[in-house]
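# Report on the structure
Listed here are the chains, written in short residue letters.
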Amino acid sequence: VAVDANLAVQAEYAVQFDTHLPEFKTQGGVHRNVDGLTVTSPPLMWVAALDLLLARMQKEKFPFANLVSISGSGQQHGSVYLAPGTRQVLQRLQAGAPLRDQLGTVFAIKDSPIWMDSSTTAQCRERESAMGGAQAVAELTGSRAYERFTGNQIAKIAKRHPGAYQQCERISLVSSFIASLFLGDYAPIDFSDGSGMNLMNIRTKQWDPRALEVTAPSLGQRLGVLVASHTVLGKVNAYFSRRYGIPAQCLVIAFSGDNPNSLAALRLKQAGEVAISLGTSDTVFGSLSAPKPSAEAPGSIWRTYGAPSWWPAINSVMAPLAFFTSAGV
């Protein structure tokens, strides 16, 4: 989606994984394991989709030269595991070849667990037991341990595939992974998306050392720092300037998750306002000024941030924290 300075939509493009990228053999964009619990997506498919999207825009004469900034929204709870040397690959992308052809070897884990995965019940119970119970986890991270949350997915991978985990240099969320492509470097995870991992202290906005310790060894260095959702990460990767004509001065703004971005876009600024999202999951969300995390209530509390003055779309709109409740359908 391309918008102008007045937030008027100028263009829209879309890629449908199953239809446009059939070689990945997904159904609904995912792979479902025979156990009925494990659900993954190949991250290389997301890269191929970006190739296809940008090529289509170029063919239809999209004015890439007019771009001022790029940001994005990724499905929450999906995680991407990058092998050593990925940063160097991103920095040396060759404009003559699509991303897919250059990034096929950067994934330490070939299939990314996504939000639909519910195979980590054992890891959730271990987390709650080690951290003083479900309510203690909720008080710290905003929610009790949920199977789809990234910390529990990482714990499962580290336990079942320790070799692959050791070969992982960076763990990104879907949002920060795609931001990394545009940036040409590892992009940090933002507060809002990081809140949905059972790893971040929602009050200090930092990774909690105990939560990291009970998850996997040396996890903090694999996650990198957390940043505010409106952070300017840098200039666009030269690859996109050379291949598509995006200006070298185009800014890359931190990407975030789909639910926090929905909260921002809908501008829920009045007390008591909530929104209902009907999609692959049904979600009710709104903003809070005095959060009271509970292990009993179904849902999560995530950290969000008001935007700076140069972002008129949501300036002074987003509350410090937001609540989200969902049920898969």
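Anything mentioned here points back to the structure above.
Not measured: the values here are computed from a predicted model. (Residues numbered from 1 in each chain as written. Predicted model: local features only at pLDDT ≥ 70, side-chain atom pairs only at ≥ 80, totals over all residues. Heavy atoms only, no water.)

### Details of a nonpolar patch on the surface
To keep things clear, this is the line we draw: Surface patches are drawn from residues lacking salt bridges whose relative accessible area is over 30%; two like charges belong together within 9 Å, two nonpolar side chains (Val, Leu, Ile, Met, Phe, Trp, Tyr) within 5 Å. Working definition of accessibility: Shrake-Rupley area with a 1.4 Å probe, residue cover restricted to the visible protein chains. Each salt bridge in this description consists of a side-chain nitrogen of Lys or Arg and a carboxyl oxygen of Asp or Glu lying within 4 Å of one another. Under the DSSP-based scheme used, a helix requires at least four consecutive residues in state H or I and a strand at least two consecutive residues in state E, with every element numbered from the N terminus. Only protein chains enter the accessibility calculation, which uses a 1.4 Å probe; a residue whose area is less than 20% of its type maximum is buried, one above 50% is exposed, and one in between is partly exposed.
A cluster of nonpolar side chains, namely Val 1, Val 3, Leu 7 and Val 9, defines an oily patch on the protein surface of about 380 Å² accessible area. Looking at the element boundaries, Val 1 is found in the segment before strand E1 (2–3). On the basis of relative accessible area, Val 1 is assigned to the exposed category, the value being 74%.

### Comments concerning the sheet that holds strand E5 (residues 69–70)
Threshold: Strand pairing is assigned whenever DSSP identifies at least 2 bridges connecting the two strands. What makes two residues a contact is simply this: any of their non-hydrogen atoms within 4.5 Å. Every angle, taken between N-to-C directions, lies between 0 and 180 degrees, and every axis is a line fitted to C-alpha atoms, over only the stretch in contact when it is a helix.
Spatial ordering of the open sheet is given by E5-E15-E14, a layout of 3 strands whose pairing is mixed. The open sheet is flanked by E5 and strand E14 (232–235), the only strands paired with a single partner. Sheet topology note: the E5/strand E15 (residues 251–253) ladder contains 2 bridges and is parallel. Paired with Ser 69 across the two strands is Leu 251, which belongs to E15. Relative to the sheet, helix H9 (residues 174–183) contacts E5, E14 and E15, its axis offset from that of E14 by approximately 30°.

### Describing the pattern of salt bridges
Note on pairing: side chains with opposite charge can pair once their charged atoms come close. Evaluated as defined, the whole model comprises 5 salt bridges. Arg 87 serves as the salt-bridge partner of Asp 185, at 2.6 Å between the closest nitrogen and oxygen. Linking Asp 185 in the loop between H9 and strand E10 (189–190) with Arg 87 in helix H3 (residues 86–91), this pair joins segments that are 98 residues apart in sequence. We classify Arg 87 as partly exposed; its relative accessible area is 30%.

### Some details on the packing of aromatic side chains
This is how the line gets drawn: Whether two aromatic rings pair depends on their centres lying within 6.5 Å, for rings of Phe, Tyr and Trp, where Trp uses its six-membered ring; planes under 30 degrees apart make the pair stacked, over 60 edge-to-face, and the rest tilted. Sitting over a ring, as applied to charges here, requires NZ of Lys or CZ of Arg to be within 6 Å of the ring centre and within 35 degrees of the ring normal.
In total, this model carries 8 aromatic pairs according to the counting rule given. Here Phe 64 and Tyr 244 contribute two aromatic rings whose centre-to-centre distance is 5.6 Å and whose plane-to-plane angle is 45°, an arrangement assigned as tilted. Placement of Phe 64 in the loop between helix H2 (43–59) and E5 and of Tyr 244 in helix H13 (residues 238–244) is noted, with a sequence separation of 180 residues between them. Here Phe 64 and Tyr 244 have matching classes, each one buried. Seen from their ring centres, Tyr 146 and Phe 149 are 5.4 Å apart, and the 65° between their planes marks the pair as edge-to-face. Each of the two residues, Tyr 146 as well as Phe 149, counts as buried. The structure contains a cluster of three or more aromatic residues connected by ring pairs, namely Tyr 13, Phe 62, Phe 64 and Tyr 244. One Lys or Arg, Arg 148, reaches over the ring of Tyr 146 and ends 5.1 Å from the middle of that ring. Residue placement shows Arg 222 over the ring face of Tyr 165; its charged tip is 4.3 Å from the ring centre.

### Focus on the nonpolar core
How we decide: For the purposes of this section, nonpolar cores are sets of buried Ala, Val, Leu, Ile, Met, Phe, Trp, Tyr and Cys residues that join through side-chain atoms within 4.5 Å.
Grouped together as the largest cluster of nonpolar side chains are 43 residues, with contacts concentrated most on Leu 99, Leu 103, Phe 177, Leu 181, Phe 182, Phe 240 and Ile 246. Looking at this core, the elements that each hand over two or more residues are H2, strand E7 (79–82), H9 and H13. Broken down by element, the residue count for this core peaks at 8 residues, all from H2. Those residues in contact with Phe 240 that lie beyond four places of it in its chain are Leu 54, Leu 99, Leu 181, Phe 182, Gly 245 and Ile 246. Counting 27 residues, the second-largest nonpolar core is a separate cluster that includes Tyr 81, Ile 109, Ala 158 and Ile 202.

### A word on the environment of Leu 212
Residue placement: Leu 212 occurs in helix H11 (residues 209–213). The exposure class assigned to Leu 212 is buried, which follows from its relative accessible area of 12%. C-alpha separation for the pair Leu 212 and Met 200, spaced 12 residues apart in sequence, amounts to 8.8 Å. With residues near it in sequence (within four places) discarded, Leu 212 still touches Leu 199, Trp 207, Leu 219, Gly 220 and Leu 223.

### A short note on the side chain of Thr 38
Tracing the backbone shows Thr 38 in the loop between strand E3 (31–32) and strand E4 (39–41). A residue is classified by how much of its surface remains accessible, and Thr 38, at 15% relative accessible area, is buried. If sequence neighbours within four positions are ignored, Thr 38 has contacts with His 31, Arg 32, Asn 33, Asp 117, Ser 119 and Lys 156.

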